[in-house]
Amino acid sequence: MAKIFLRKNEEKRIKQGHLWIFSNEIGKIEGTISNGDVINVYDTGNNFLGAGFYNANSLIAVRIISLAEDFNLELLIKKKLEQAYNFRKTVYPQRDSFRMVFSESDFLPGLIIDKYNSTFVMQIYSAGIEKNIGLITKILAEEFSAKNIFTKNEEYFRKLEGLALDDTVYLGGMSEEIISDGQVKYNVNFSTGHKTGFYFDQCDNRSFVKQFCKNKTVLDCFCYSGGFGLNAASGGAEEVVFVDSSQEEIKNVRQNFTLNEFNCKSQFIQSDVFDYLENCITEKKKFDVLILDPPAFAKNKKSIPKAVKGYEKLNRLGMELLKDGGLLFTSSCSHHLKEEVFLETVNKAAQKSQKNIQLFYFNNASMDHPSLPAMEETSYLKFAAFKVSLK
Ligand code: SAH
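Rules and cut-offs
- Residues numbered from 1 in each chain as written.
- Predicted model: local features only at pLDDT ≥ 70, side-chain atom pairs only at ≥ 80, totals over all residues.
- Heavy atoms only, no water.
- Core = buried A, V, L, I, M, F, W, Y, C linked by side-chain atoms within 4.5 Å.
- Buried < 20%, exposed > 50% of the residue type's maximum accessible area, 1.4 Å probe, protein only.
- Helix = DSSP H or I, 4+ residues; strand = E, 2+ residues; numbered from the N terminus.
- Contact = heavy atoms within 4.5 Å.
- Axes fitted to C-alpha atoms, helices over the stretch in contact; angles between N-to-C directions.
- Left-handed = near helix turned anticlockwise from the far one by under 90°.
- Nonpolar A, V, L, I, M, F, W, Y, C, P; charged D, E, K, R; others polar.
- Pairing = 2+ DSSP bridges.

What follows concerns the nonpolar core. Looking at soluble globular proteins, one finds that nonpolar side chains tend to be buried together. Within the largest apolar cluster, 35 residues are counted, with the highest numbers of intra-cluster contacts made by Tyr-116, Phe-198, Val-218, Val-240, Phe-242, Phe-257 and Phe-329. Of all elements in the fold, only strand S13 (185-189), helix H6 (203-210), helix H7 (227-234), strand S15 (239-244), helix H8 (247-259), strand S17 (287-292), strand S18 (322-332) and strand S20 (382-390) reach the threshold of two or more residues within this core. For this core, the leading source of residues is H7, giving 4 residues. Residue contacts for Val-240: discarding those within four places in its chain leaves Val-218, Gly-229, Ala-232, Ala-233, Cys-264, Lys-265, Ser-266 and Gln-267.

Attention now goes to the packing of H6 against H7. The interhelical angle for the contact between H6 and H7, taken along N-to-C directions, is 35°, at an axis separation of 8 Å. Crossing angle aside, the handedness with which H6 passes H7 is right-handed. Every residue of H7 that contacts H6 at Asn-205, Arg-206, Ser-207, Val-209 and Lys-210 is listed here: Gly-227, Phe-228, Asn-231 and Ser-234. Taken together, the residues of the contact of H6 with H7 break down into 2 nonpolar, 5 polar and 2 charged.

Turning our eyes to something else, we now look at the sheet that holds strand S5 (residues 48-54). Sheets are built from strands paired through backbone hydrogen bonds, the pairs being either parallel or antiparallel. The 6 strands are arranged S2-S6-S5-S4-S1-S3 in an open sheet whose pairing can be described as mixed. Lying at the two open borders of the sheet, with one neighbouring strand each, are strand S2 (20-22) and strand S3 (26-30). Neighbouring strand axes in the sheet, compared pairwise and without regard to direction, differ in orientation by 35° on average. Two strands pair when backbone bridges link them, and strand S1 (residues 3-6) and S3 are joined in this way by 4 bridges, in the antiparallel orientation. Opposite Phe-5, over in S3, you have Lys-28 as the bridge partner.

Here you go:
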């Protein structure tokens, strides 16, 4: 097997549990190697550090998959898939739909698998996973009874790895699925949906919100398929207003509301959230509970200052239309926006809207999106719950 020797002192991060080796950290390569092959990694003292998938087309030249020197790749992949699945069944024993594999966090770097009953939707972002996809789909079909397997990749991440941009159906077809998050049912349409079709990352936070919604008026902003508002309805809300700018999503939320046979008051509004909030303020319409779950405003480090302004404005408008003592559940899925900065931003919004805020809960993504403490790249979602009162 080919060998990579790191430059002096570049082994430190790897020894702490980080799983990426950047191309500028490589001292020399011995032997011949193709993209997607496994390579052994050593420090300058010839000490073995780990084995990983190599990709000369990526800035992340090696993604570690094993800390043991001797292993069989097929058995290793099978074991990691089983471990990832078993962990989800430990945290969600009743559920058949969840994020089954979360890339580096499950030691399968560059592989995301969302399981929707027996439909498995993948995102493939490393040459190593791409090379072994035949094996992975075989395991999904044989061991996990997959009926449909296909990819829904995001171009951006494929480009970073120099991988071809098209999606592939490996088994069955791109059907629709009705799934349950344990509380609420959703009709997932894979051809129109975002990501792999559904945002599993907010499931735990949605069921957290549910408990505070009995007899309350609830506004679900950036509702997408309606997860937060539908959970609020299942928690006995008096009224739920869903807002999203996408006509397709508003249609899907209506469908999901009907599917669950909820009978609380409801409104489905296709609008820009900022415009809707400003209208509510002008018309003095107030809510007991407000959910803000916008798309990532900061896509990279450069866009942080602009994103912070966006989050501040959004939260300020939101606080202005909450009743005294109302609850604000506010999220950011921008990886580049750190937790402290997010909380500071919400605090600034409170100052500007003359409110007192009390943080009573903070969470990251749901349990099927574990993160590695040694790799901050594996965490991104922030979810904060505030009681908002008049000063
Ligand atoms: N809360 C959702 C996920 C939100 S994804 C859930 O729990 O599943 C972000 C959503 O925001 C998308 O549906 C997108 O259509 C919508 N969106 C983006 N910008 C918007 C804007 N300015 N106003 C209203 N909706 C917007």
